[in-house]
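Residue-level structural notes
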Number of protein chains: 2
Amino acid sequence: MYKLSIDAMSGDLGSSIVVKACESFMKTHNDVELYVTGKEEELQSLKNISNIHIVHAPDIVGMNDGIMTVRRKKDSSMVKAVTLAKEGQVDGVVSCGSTAAFYTSAMLFLPRITGVEKSCLMAVIPTYNAKGVCMLDVGANAENTAEQLRDFAVMGNVYAQNIRGVSQPKVALLNIGAEDKKGNELHQETYQLLKNEDKINFIGNIEGREILLGEVDVVVTDGFSGNIALKTIEGTASLVMTMVKESLMSSLLGKIGAMFAKKSLSQLKKQFDYKSVGGALMMGFEKPVVKAHGASDEIAFENAMNLAYQMVKLDVVSQMKEGLNIK
Amino acid sequence: MYKLSIDAMSGDLGSSIVVKACESFMKTHNDVELYVTGKEEELQSLKNISNIHIVHAPDIVGMNDGIMTVRRKKDSSMVKAVTLAKEGQVDGVVSCGSTAAFYTSAMLFLPRITGVEKSCLMAVIPTYNAKGVCMLDVGANAENTAEQLRDFAVMGNVYAQNIRGVSQPKVALLNIGAEDKKGNELHQETYQLLKNEDKINFIGNIEGREILLGEVDVVVTDGFSGNIALKTIEGTASLVMTMVKESLMSSLLGKIGAMFAKKSLSQLKKQFDYKSVGGALMMGFEKPVVKAHGASDEIAFENAMNLAYQMVKLDVVSQMKEGLNIK
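Described below are features of the structure shown in this document. (Residues numbered from 1 in each chain as written. Chains lettered and ligands numbered in written order. Predicted model: local features only at pLDDT ≥ 70, side-chain atom pairs only at ≥ 80, totals over all residues. Heavy atoms only, no water.)

Attention now goes to the sheet that holds strand β11 (residues 289–291) of chain B. All names here are of chain B. Across the sheet, 11 strands lie side by side as β3-β2-β1-β4-β11-β10-β5-β6-β9-β7-β8; this open sheet has mixed pairing. Every interior strand has two partners, whereas the edge strands, β3 (52–56) and β8 (201–206), have only one. This sheet shows a mean twist of 25° between the axes of neighbouring strands, independent of strand direction. Pairing of strand β4 (residues 92–95) with β11 involves 3 bridges; the strand directions are parallel. Bridging across to β11, Val 93 finds its partner in Val 289. Against the sheet, helix α10 (residues 298–313) contacts β1 (2–7), β2 (32–38), β4, β10 (280–283) and β11, and its axis sits at roughly 145° relative to β1. (Pairing = 2+ DSSP bridges. Helix = DSSP H or I, 4+ residues; strand = E, 2+ residues; numbered from the N terminus. Axes fitted to C-alpha atoms, helices over the stretch in contact; angles between N-to-C directions. Contact = heavy atoms within 4.5 Å.)

Below, the structure is given as structure tokens:
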């Protein structure tokens, strides 16, 4: 049996969507045991489902709590879920709480893969060609070394192969120009390391404007630049969609047009709604740590559970170790 | 008389749009002399306009030439235009050639303001509220110090006040979180410098997703992050607009909708067409250096000329020196 701990309480929408996601997930998975952490009284409906264990956790790490709250709130659903992984009771963890707090919990309580200097955050970003692209680090670190970026590249590559089913993932370095001498010292050094890393298919630098084209599978970046890029994509996409809507509604012809085009536009908005895509992966820990977006609905949350399940079942962490030459 | 040198040849569209822009510009400016550099035979129609001097330059720096081409091509329209500024014959320079080559020419041939360690590139980005925001550095430097970022902030501030008419520009630092301790050492140090700089109205950090909201007037950033942010905005905005169009055209109702909404959408596209906005300013030189976009039409080019004219007339460089405490 594969075992997952599920933080039921920390999301914006409370426990109800997590409960629904767990119910639905268990209908299709008979090889999984769930340890659901949260207020017992809110998890009653899970009580009679076989292979679900309720782990009472009276406290909640709020979306706006400082990251160090997790040190104090040992009885919170989030810290309990991570602790279960630390103690070996589960193989992976899922939460839709605050990214910063969840990442801090993992850093405090979960062992990193030996030999991996820095863990990081990976996001899967929707692209023009619908393939999607993995980008890491998107903000766990304010600064990285070239060796750390090489580790990120290897881990991202293993993820793309195993979870996204890309046979020879194209790995690129986010930089300010195509040539190998572009960027600062860090990026020049990383370029050379990636070029000489025979486990990955390094195709060179890409620039900010190419991220969303979907022509590469893994974008490697330091946490600072990656965070700027990710948030700039989110902000720009959401703003342009808002402006399309407002622009249509500002004229009578536009309004008529919008009426006819409503379905097309809302489909597109969905595709580009980074919030609903949610789900960041925390990479570099001994066990898969999956973050569903804070405003996840039950479908998004179940997707995050499925991702954790796949990661555990395919033993992706072991393959990352292999890629990193770690025994 | 204010004197400007105009590179007529280096843009994607050749000299014809520059010729038209010069003709139109001179109809409304009788206090300007233009020195137009380029192939004499292509500039014949400017010959009889008073206050226009044609400076023959047989060579062209192509859009795809390496930046060091400018060292060899002393007889190019671009290098000649910059040289005229160096020699004191003109007060400002305008070109729509390759940004990298034009910036390199300025670096090679134009003096920097004494005391300014690094020059940089500033872009004016359209925002949701139509105010626009100045961002600098957007890619001239691969690495910057906190002191350099402070200089950028001061220069951006003077620009926003004088050219954009904002009385107390809000200046923000691009970072990966709002708190003063966010980011790497460079950003933490810059935060403190900006906070203590009484010549600017520093309002703190902003994140990538806030750039386009238009709530601040000047965004300060190192050249690496700024380039990532600028290109990510360009890529995302253009892609989302393309996807809106494709999404509409993929269904019959969408097509009908698009027909009615055509005008609204094309207005929006124009507003968000970063290419047509074009015009980056090279900051930190003794004379204004204005880059019109390579694919500029005559209107965009004339706008760039107008910007250079304003910069010269209002003596913005002197005010920057004052802001930087440079005599």
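Let's pick the thread back up.
Facing the 49 residues of chain B at the interface are 49 residues of chain A. For the pair chain B and chain A, the number of links is 4 salt bridges. One salt bridge in this structure joins Glu 207 of chain B and Lys 231 of chain A, with 2.0 Å as the shortest N-O distance. The tally of links between chain B and chain A comes to 10 residue pairs in polar contact (both at pLDDT 80 or more). Of all the secondary-structure elements, those providing two or more residues to the side of chain B that touches chain A are α6 (185–195), α7 (223–249) and α8 (252–271) of chain B. If you tally residues by element for the side of chain B that touches chain A, the top one is α7 of chain B, at 21 residues. Class assignment for the residues of the side of chain B that touches chain A results in 25 nonpolar, 17 polar and 7 charged. (Salt bridge = Lys/Arg side-chain N within 4 Å of Asp/Glu carboxyl O. Polar contact = N/O pair within 3.5 Å; in protein donor to acceptor, adjacent residues only side chain to side chain. Nonpolar A, V, L, I, M, F, W, Y, C, P; charged D, E, K, R; others polar.)

Here chain B sits on chain A after a turn of 180° about the axis and a move of 0.0 Å along it, with an RMSD of 0.1 Å. Accordingly, the operation relating the two chain copies is best matched by a two-fold axis. Identified as the residue of chain B closest to the rotation axis by C-alpha distance is Gly 257 of chain B, at 1.7 Å. Looking at the interface residues of chain B, 100% of them are also at the interface in chain A, so both copies use one shared face. (Least-squares fit on C-alpha atoms with pLDDT ≥ 70 in both.)

Before going further, it helps to spend a moment on the side chain of Asp 222 of chain A. Tracing the backbone through its elements, the reader meets Asp 222 of chain A in the loop between β9 (218–220) and α7 (223–249). If near-sequence neighbours (up to four positions away) are discounted, Asp 222 of chain A is found in contact with Asp 137, Asn 144, Leu 149, Leu 186 and His 187 of chain A.

Residues and elements named next belong to chain A. As summarised here, the arrangement of the 11 strands in space is β3-β2-β1-β4-β11-β10-β5-β6-β9-β7-β8, forming an open sheet in which the pairing is mixed. This sheet does not close on itself; its edge strands, each paired only once, are β3 (52–56) and β8 (201–206). The average angle at which neighbouring strand axes cross in this sheet is 25°, direction not considered. The pairing of strand β6 (residues 133–136) with β9 spans 3 bridges and is parallel. Within β9, the residue paired with Cys 134 across the bridge is Val 218.

Another aspect to go through is the pattern of salt bridges. Side chains bearing opposite charge may pair, as long as their charged atoms lie close to each other. Residue and element names in this part refer to chain B. Considering all chains together, one arrives at 14 salt bridges over all chains under this definition. For Lys 73, the salt bridge is made with Asp 65, and the minimal N-O distance between the two is 3.2 Å. Given a relative accessible area of 27%, Asp 65 falls into the partly exposed group. Put simply, Arg 150 and Asp 151 hold a salt bridge, and the shortest N to O gap is 3.6 Å. By relative accessible area, which is 10% here, Asp 151 ends up buried. (Buried < 20%, exposed > 50% of the residue type's maximum accessible area, 1.4 Å probe, protein only.)

This brings us to unusual backbone geometry. All names here are of chain A. The residue after Leu 136, namely Asp 137, is reached through a cis peptide bond having omega 0°. Residue placement: Asp 137 occurs in the loop between β6 and α5 (146–162). For Asn 51, which is not glycine, the phi torsion reads 70° and is therefore positive. Tracing the sequence through the fold places Asn 51 in the loop between β2 (32–38) and β3. Residue classification places Asn 51 among the partly exposed residues on the basis of a relative accessible area of 29%. Of note in the backbone geometry, Asp 315 takes a positive phi value of approximately 50° without being a glycine. Along the chain, Asp 315 falls in the loop between α10 (298–313) and α11 (316–323).

All right, on to helix α1 (residues 15–28) of chain B then. Residues and elements named next belong to chain B. Relative to the 20 Å expected for 14 residues at 1.5 Å per residue, α1 spans 21 Å between its end C-alpha atoms, a close match to the ideal helical length. Within the span of α1, buried status applies to Ser 15, Ile 17, Val 18, Val 19, Ala 21, Cys 22, Phe 25 and Met 26. Contacts from the buried residues of α1 go to β1, β2, β3 and α10. (Expected span 1.5 Å × (residues − 1).)

A ring pair, where both rings are aromatic, is described by two values, the distance of the centres and the angle of the planes. All names here are of chain A. Tallying each qualifying case throughout the model produces 8 aromatic pairs over all chains. Both rings, one in Tyr 2 and one in Tyr 309, keep their centres 5.9 Å apart while their planes meet at 80°; by these two values the pair is edge-to-face. Pair noted here: Tyr 2 is in strand β1 (residues 2–7) and Tyr 309 is in helix α10, with a separation of 307 residues, a long-range link. By relative accessible area, Tyr 2 is classed as partly exposed at 27%. Tyr 309 sits in the buried class, given a relative accessible area of 7%. (Phe/Tyr/Trp six-rings, centres within 6.5 Å; stacked < 30°, edge-to-face > 60°.)

Another point: the nonpolar core. Among the nonpolar cores identified, the biggest contains 104 residues, and Ile 211 of chain A together with Ile 211 of chain B are the most heavily contacted of them. For Ile 211 of chain B, the residues in contact, after removing those within four places along its chain, are Thr 232 of chain A together with Thr 127, Val 133, Met 135, Leu 174, Ile 206, Ala 229 and Ile 233 of chain B. (Core = buried A, V, L, I, M, F, W, Y, C linked by side-chain atoms within 4.5 Å.)

Take the packing of α5 of chain A against helix α6 (residues 185–195) of chain A next. Residue and element names in this part refer to chain A. Put simply, α5 and α6 touch, their axes get as near as 9 Å, and they point 45° apart. It follows from the interaxial angle that α5 and α6 lie oblique. Taken as a pair, α5 and α6 cross one another with a handedness that is right-handed. Note on element contacts: α6 touches α5 through Leu 186, Glu 189, Thr 190, Leu 193 and Leu 194, opposite Ala 146, Glu 147, Leu 149, Arg 150 and Ala 153. (Parallel < 35°, antiparallel > 145°, perpendicular 65-115°, else oblique. Left-handed = near helix turned anticlockwise from the far one by under 90°.)

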